[in-house]
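Single-letter residue listing:
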Amino acid sequence: MTENKRKSWVNWALFLSTIIVVFFLGLLASSITERRVEEQYVYKPTVQITETESRNEVWGKNFPLEYSSYYQTADTSFVSKYNGNAMIDMLEVDPRLVVLWDGYGFSKDYKQGRGHFYAIEDIWNTLRTGAPTGPEDGPQPSTCWTCKSPDVPRLMSVMGVAEFYKGKWAGKGEEIYNTIGCLDCHDPESMSLTITRPALVEAYERQGKKIEEATHEEMRSLVCAQCHVEYYFDKKAVEGANYLTFPWDNGKKVEDIEAYYDSIQFSDWTHSLSKAPMLKAQHPDYEVFTTGIHYERGVSCADCHMPYKTEGGQKYTDHHIQSPLNNIDNSCQVCHREDAEELVKNVYDRQDKIIENRDKLEELLVKAHIEAKTAWDNGATEVQMADILQDIRHAQWRWDYTSAGHGNSFHSPIEVSRVIASAIVIAQEARIKLATLLPQIGFTGTVVYPDISTKEKAQIFIGLDINKLEAEKKVFLDNLLPTWKKAAQEREAKLDVTYF
Amino acid sequence: MTVLKKIIPPDDWKLPVIVLLGIIIGLGIYLFKISNAPSYLSESPTTCLNCHVMTPQYASWFHSSHRENATCNDCHVPHNNIVNKYFFKMKDGLRHSTIFSLRLEPQVIHIKQAGLEVVQENCKRCHESVNQNVNTINVTGVNYSHGDGKLCWDCHREIPHGTVISLSSTPNAIVPKLDSPVPSWLSKLLK
């Protein structure tokens, strides 16, 4: 027998280290087994989701992956060259906008929106909704809520669509509480993509198309087209209602919508300086996207903004809706094999080149408004000004059509460039007419253009008392808004959730 | 013999050591079995499905022109000599298994430089006869990384995995699933 020369502690050390090695081998074996098992997909519903469930947290109990990725839209840390997911005060970035929207709410406050998480918070805070003191007060109608909350389809199913569009914005403040969410796009029973906003369905019907026949891939764009579109309020369709309508009857191109608005003699507001009957374009993202190459190749909104992810055996859609510039690997490189840097450069090149001409167009529009005011001040008549004002209306409409959707210069650079070019031509036509008119009515001096190099100077120039507006807003935020939140919370506390 | 003397335990310890050795080796064999380690020596494409992230690649290959003529190894493993083949397989395999175990696989998998060079050589290996009179036969992965020449699949983009690359690109594909590590006679007994 060999004498054991090892000390006993060595043996104990060997024993313990073997235990540890075996333990970790076992853990490795477990991890391998785990990854084998996750090949299978398991869906375990925990709560019943009703037809009017507008609370996203409840849906989230059945769909935790989608829910948690959706709430990442709270992130505001991403900044791209021109946009990103933080709020940007566009009037500060481009004070010309203040003058272009003189006489309209956007001259008071226009911030680039942030993630869907903030939809309700931001509509409470914007100066454009004013400072209501009660349910029948304030500048905006109830229709303004339409795109902001799953409480909207809930209310529409209860009170009817036309009724929903009646009354003031403040009138529904207590009912509309949850931010844009699951019920807006998904059927509660089958989870299929579905259209909940009547305006889109009605627009399709007027064109003789059936939205129920849309393919799944088309639906992946159409659910976004419920809100990311140009719209107007039809005050004549139903008595007392601001009926949300899409102006697509002639088509979705800028000229088609312009012709539609002209034919019904519609204007959003009258410009305070030039008295032109103006049109405001609201985010015609879908209309512009459908003219671009990605749409032509069959790509949908969700393919880039909500790409698929796979975790284990589970494929799900990443509900963190954001700029693809913040998700290049999964948005762009699924199909494009170039380096991320090259792809970003491609995006910025297109934006740079379009913005070059867009800025020029804005300068011309500002000048046109001011020159028109000069004409009015020197005794121009309505007959003399009629064509000029129509040109200003059309030129600014086209400018807004390209600029109001922040992704437009990437979604369809050729079309956007074309539209801006056509707008420059129209704006200059207006200015040529004005240059001809001014000496005819006896003005032989030079037109004075104001210094609008900052938001503050521009707002003073158009006569806005911004401090007063902000003070009034604060009164609303401190007084009426808390009552809305409290009422909503009390109402929701009484709602049942059925667990399986 | 003296080495043996040093490692053979004293009598009192012989039994515990034997048992412990048995435990470690048993676990090792178990690890071997559930990770399907022996399959990696084969040429079968189903081996690559040990990691479910390869499902889209398997499915797209299975529906491509290369299904009847080339398996995963025919393209992705060097065939210039046998030592290089198994060395590359080992290197690649160790890398893949580490990333997979640590859950570091990206949503969109792009081939790396080493893999790219191998695939380009293999395209040429099989398709030499149609390329030998044109310049394309001279492109290597190394030249390409210096900006000289286009890889075969820069033009033949669909070959064989298609142009849409993502872990999610073939969600409903029917591919051979991993067999349960529990043998059928045992699962019958346990019913």
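Q: Describe the environment of Thr 245 of chain A, and please don't skip the residues or the numbers.
A: Residue and element names in this part refer to chain A. Along the chain, Thr 245 falls in strand β4 (residues 243-245). What makes Thr 245 partly exposed here is the crowd of 19 C-beta atoms within 10 Å. Sequence-wise, Thr 245 and Glu 230 are 15 residues apart; in three dimensions their C-alpha atoms are separated by 8.9 Å. Beyond its immediate stretch of four places on either side in the chain, Thr 245 contacts Ala 199, Tyr 231, Tyr 232 and Asp 234.

Q: How would you summarise the pairing of strand β7 (residues 308-311) of chain A if you had to cite specific residues and measurements?
A: All names here are of chain A. Across four bridges, β7 lies against strand β8 (residues 314-317) in antiparallel orientation. Residue pairing for β8: Lys 309 is matched across the bridge by Tyr 316. Between the antiparallel neighbours β7 and β8 lie two residues, among them Gly 312 with a positive phi of about 65°.

Q: Kindly report on unusual backbone geometry, identifying the contributing residues and their values.
A: Peptide bonds are mostly trans, and most non-glycine residues show a negative phi. Residue Met 191 of chain A is not a glycine yet carries a positive backbone phi of 65°. Relative to the assigned elements, Met 191 of chain A resides in the loop between α9 (182-185) and α10 (198-206). Residue Met 191 of chain A is classed as partly exposed on the basis of its C-beta count, with 16 C-beta atoms lying within 10 Å. You will see that Arg 103 of chain B, though not glycine, has its phi angle at about 55°, which is positive. Since 10 C-beta atoms lie within 10 Å of it, Arg 103 of chain B is described here as exposed.

Q: Break down the interface of chain B and chain A for me, with residues and values.
A: Interface size is commonly expressed as the accessible surface area that is lost when the partners come together. Across the contact, 27 residues belong to chain B and 25 residues belong to chain A. Elements with a minimum of two residues in the side of chain B that touches chain A: α2 (11-34) and α5 (82-101) of chain B. The greatest single-element share of the side of chain B that touches chain A, amounting to nine residues, is contributed by α2 of chain B. Residue classes in the side of chain B that touches chain A are distributed as 16 nonpolar, eight polar and three charged.

Reading guide: rules and limits
Residues numbered from 1 in each chain as written. Chains lettered and ligands numbered in written order. Predicted model: local features only at pLDDT ≥ 70, side-chain atom pairs only at ≥ 80, totals over all residues. Helix = DSSP H or I, 4+ residues; strand = E, 2+ residues; numbered from the N terminus. Buried ≥ 20, exposed ≤ 12 C-beta atoms within 10 Å, placed from the backbone. Contact = placed C-beta atoms within 7 Å. Pairing = 2+ DSSP bridges. Nonpolar A, V, L, I, M, F, W, Y, C, P; charged D, E, K, R; others polar.

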